[in-house]
Each structure stands twice: as structure tokens, then as C-alpha cells.
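What follows is the residue order along each chain.
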Amino acid sequence: MKDRVPGAVPAYKLCQWCSGRQGAEAPPFDVVPGRECFVCGGVLDSVPQMFKMAGRRLRPYEFRTFSVGVTLPVGVQEREDELRSALKLKGGETIKVQMAKLVAAGISESTGKKVDKARPDVAILSDFGRGDALVSSKPVFYYGKYTKPAGVAQRRALCGECRGGGCSECKGTGFKVAPSVEEALRTKLLRFAGSDRMVFTWLGSEDEDSRVFPPGRPFVVEVKGPKKRQFPRKFGARVGGGLVAVSSGRMLPSKPVRIPSFRFKTTIRATAASKVQPEGISELHARFRRATVTFERPNNRPAVKMVYSVRARARGRALVIDAELDGGLPVKRFVSGELVSPSVTEVLKTEVGCRSFDICKVREIGAFEFGEIARDEEKN
Ligand SMILES: [Zn+2]
Ligand SMILES: [Zn+2]
């Protein structure tokens, strides 16, 4: 290994940060003020401005942990690479890593929040080229159960006029102006989260005319780009003349990779084509005690579902049926027999049509599963 004689290579002019970063192997440098620095040209001096900028951009966000990324002005990284290759220096911290650490330390000090590189609540991109900081927040997942009155659809539907394009009929939203659980939840959650980018997952569905009684039907909503990360356990939203109420709400630790299956109790009001006899009722009770039924799904494999119990009473042709069914078994088809066998129609040997049904109790089977759970969130 040949000795490096000072002066054998032209001395680079570097600021104290950039010279300090080159390690013990490096030859002495001319230490100069930042703006004269060969590598950074003074960019490192703007670190305090950057973490002040980041602090300003972070103000609307609620977070516990953050990460910092850095974009350098064009040429900075290249000049450091050039210097290191000319002087055969390796292994030292790069300017990018150093700047990210300095910005992170500044943010940590002013906010008291911690750095988490793997799963930060918010990621801050410090763009030193433009002198700005961009904040993106990790999505949150909220679980809750809703109840609803009759006359409120579960999901918002596309506008019938424009089919989603936006028109005067739908005030440019692309969605039908009609009460829905989804619309009610969106409005409320926007207020809690400060973001309207939401994706809903429902554990089953019901009719617009169905009432959903407590404890309610579970749902999960992913809110992207949230400013706030904690939503209330309970809240209500006025919809039309009624109330959509949410309870049992909680933040999930991360995106669920598996959603529980469920079973539900329903009260069905139906009409038979001919008078229902007491023997028919007894037959219904006997046939649907933990019975399996097959649901032929078009373009899909048939689904085998469980009917746990059926209790029915008849007055002439009118029937009221209390049933407990597996999630995914459509109530109306279970009554009419369309694609479902055995069905109420099949057992009573007379055509039965469902007029309406209410959801009385939804019970989850199994648990949510999550891909990755941060250790510090298991305490919640
Ligand atoms: Zn420098
Ligand atoms: Zn429209």
C-alpha cells in the first residue's frame, strides 16, 4: 500500500460536515464554508431550515413515529462519489444518510416523536432540491359495527344518469344522491380522519329495506392519507329520518390479511302462494336444524352453507321466519329457492317469496389475521 503524501492529490475543498464524513483514511482537506464545499455547495447548511419546513408540513398530522427520506439537488451525490473514487475512500456514511439523520434528529427534538424506518406513521420526504418537505401518512384501518333503519342502502350506488362520470343530477360526484350507510360513514370519517380516500370491506350485506339491529354488522374501512389516526369507539350519523350508528369501533394494527367469516340471525317476512299448514311449519323446523344447503353461484363453484335453525309462524299465507344462517347465504334465495336447495319453498312445496328481512344479530367466526403486527401496538 503506497503512502498518501499530502499534496500528492489536489486537496478538495469541503465544508466541515462533508470533510468529517470521509473517515480516518481520508487525506486532509481544505475546510471551507458550506457554499464553497465541493460536494454539497452549502446544502448541508440548509438542514435546520428543512426540519423547520418538515415541522410545518407535519402540523396537521397526528403521529407517533416517522421516517425521513432525502432528495438531493442534482450533482451532490455524484460529486461525493467522484471524490471517494478519486481518493479510493469507501465505507463512509453517504451525504444522503447523514442528511436524513440530521433532519430526523431535528424533527425528533422539536416534536418528541420517534423514528421508525420500517413502519412509520408518517414518511417525510425532504426535497433539498426544491427546499420543501412532502408528508405521506400510512393508511389506518378501522373496525366497527353499524346498525341502520329501513330505507338506507348499505353502499352508495353509481349515479343512474352518468354511471359515475359526474353530472348535474349527482352534483358531479358520480354517485346517486340517496341515503346509504357508506355515505354516512364517509362523511363522519372524513371529519375524524381528515381524508376522504376510503375503501370499505363489509361482512355481508342486506337490502335497502332491511333494518340492522344491535350489535350491528361489522365492517372495516381503510383510510388512506389520514391526518388523524384515532377514531371514536361509537358515533352516529343522521341519514334521512333515521340514524346509522356505529359501535365497538377500534383501530386495527395493520391491513387484515384475513377477514372472519360470520353467521347471522334474521327475521324474514314472506308470503306463500297457498295457505301454510301447521305440518308445513313443523317440517320447516325439522328440516332446517343444522342443515346444509347448496347455493349454485353462476360462474363459480357451488357454495355449501349452513342453516342453524328456523322458527316460523304462519297466518294464512303470511309467514314470519326467524332463521340463523351462514354468512354468504342470500336470504331471499333461501326463501324462494332460486339457486338454493333445500329452500323454504322446496320444503313447504308452495312458492314462497321474501317481502323483507331484518338483520338481528351478526356473529363473527374466527378472528382477523394481520400480516405484520408492530410489537409496540400489541399493547393496545
Ligand atoms: Zn459540504
Ligand atoms: Zn351523475
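Note that this is a predicted model, so its numbers are computed, not measured.

## Quick word on helix α6 (residues 278-287)
Here is step 1 of the chain: Those residues of α6 that sit buried are G280, I281, L284 and H285. Viewed along the axis of α6, the buried residues span an arc of 140 degrees, placing them on a single side of the element.
Here is step 2 of the chain: The secondary structure elements touched by the buried residues of α6 are β15 (303-315), β16 (318-326) and α8 (344-348).

## Notes on the sheet that holds strand β6 (residues 132-137)
Here is step 1 of the chain: One open sheet accounts for four strands, arranged β4-β3-β5-β6; its pairing is mixed. Two strands bound the open sheet, and with one partner strand each, they are β4 (114-115) and β6.
Here is step 2 of the chain: Sheet analysis places strand β5 (residues 122-127) next to β6, joined by six bridges and oriented antiparallel. Within β6, the residue paired with V122 across the bridge is S137.
Here is step 3 of the chain: The strands touched by helix α2 (residues 47-58) are β5 and β6; relative to β6, the strand with the most contacts, the crossing angle is about 40 degrees.
Here is step 4 of the chain: Across the sheet, helix α4 (residues 95-111) is in contact with β3 (65-71), β4 and β5; its angle to β3 comes to roughly 140 degrees.

## Things to note about the packing of aromatic side chains
Here is step 1 of the chain: Scanning the entire structure with this criterion turns up 16 aromatic pairs.
Here is step 2 of the chain: Relative to F368, the ring of Y143 has its centre 5.4 Å away and its plane inclined at 85 degrees; by these criteria the two rings are edge-to-face. Residue Y143 is located in strand β7 (residues 140-148), and its partner F368 is located in the loop between β18 (352-365) and β19 (369-370); the two are separated by 225 residues in the primary sequence.
Here is step 3 of the chain: When its relative accessible area of 4% is taken as the criterion, Y143 is described as buried.
Here is step 4 of the chain: The buried category is assigned to F368, whose relative accessible area is 11%.
Here is step 5 of the chain: A centroid spacing of 6.3 Å and a plane angle of 15 degrees characterise the contact between F368 and F370, whose relative ring orientation is stacked. Exposure class is identical for F368 and F370. Each is buried.

## Some thoughts on unusual backbone geometry
Here is step 1 of the chain: Look at the link from P214 to P215: it is a cis peptide, with omega at 5 degrees.
Here is step 2 of the chain: With respect to the helices and strands, P215 occurs in strand β9 (residues 212-224).
Here is step 3 of the chain: Across the junction of S341 and P342, the peptide omega takes the value -10 degrees, indicating a cis bond.
Here is step 4 of the chain: Along the chain, P342 falls in the loop between β17 (340-341) and α8.
Here is step 5 of the chain: With phi around 70 degrees, L339 is a residue other than glycine that occupies positive phi space.
Here is step 6 of the chain: For L339, a relative accessible area of 34% translates into the label partly exposed.

## Considering the confidence of the model for the chain
Here is step 1 of the chain: For the chain, per-residue confidence averages 93 on the pLDDT scale, and residues scoring 70 or more make up 95% of the total.
Here is step 2 of the chain: Overall, residues 374-380 carries pLDDT values under 50, and its contacts beyond four positions in sequence, including any with other chains, amount to six contacts.

## What about the coordination of the zinc ion (ligand 1)?
Here is step 1 of the chain: Of the protein atoms, only C15 (SG), C18 (SG), C37 (SG) and C40 (SG) coordinate the zinc ion (ligand 1), at distances of 2.2 to 2.4 Å.
Here is step 2 of the chain: For the zinc ion (ligand 1), the four donor atoms are set out with angles of 105 to 114 degrees between them, so the coordination reads as tetrahedral.
Here is step 3 of the chain: Between consecutive donors of the zinc ion (ligand 1), the numbers of intervening residues give the motif C-x2-C-x18-C-x2-C. Here C40 lies in the loop between β2 (30-31) and α2 and C18 lies in helix α1 (residues 16-20), a separation of 22 residues in the sequence.

## Digging into helix α5 (residues 181-193)
Here is step 1 of the chain: With 13 residues, α5 extends 17 Å from end C-alpha to end C-alpha; this agrees with the ideal 18 Å at 1.5 Å per step.
Here is step 2 of the chain: All of the buried residues in α5 are V181, E182, A184, L185, R186, L189 and A193.
Here is step 3 of the chain: The elements touched by buried residues of α5 are β7, β8 (197-202), β9, β10 (235-239) and β11 (242-252).

## Some words on the pairing of β8
Here is step 1 of the chain: Judged by which residues are buried, β8 turns out to be one-sided: M198, F200 and W202 face inward and are buried, whereas R197, V199 and T201, on the alternate face, are not.
Here is step 2 of the chain: Where β8 lies against β9, six bridges are found, and the strand directions are antiparallel. What sits directly across from T201, in β9, is V220.

The rules behind each value
- Residues numbered from 1 in each chain as written.
- Chains lettered and ligands numbered in written order.
- Predicted model: local features only at pLDDT ≥ 70, side-chain atom pairs only at ≥ 80, totals over all residues.
- Heavy atoms only, no water.
- Buried < 20%, exposed > 50% of the residue type's maximum accessible area, 1.4 Å probe, protein only.
- Helix = DSSP H or I, 4+ residues; strand = E, 2+ residues; numbered from the N terminus.
- Arc of directions from axis to C-beta.
- Contact = heavy atoms within 4.5 Å.
- Pairing = 2+ DSSP bridges.
- Axes fitted to C-alpha atoms, helices over the stretch in contact; angles between N-to-C directions.
- Phe/Tyr/Trp six-rings, centres within 6.5 Å; stacked < 30°, edge-to-face > 60°.
- pLDDT = per-residue confidence, 0-100.
- Donors = N, O, S within 2.8 Å, 3.2 Å for Na, K, Ca; no water.
- Tetrahedral: all angles 85-135°; square planar, octahedral: opposite > 155°, others 65-115°.
- Expected span 1.5 Å × (residues − 1).

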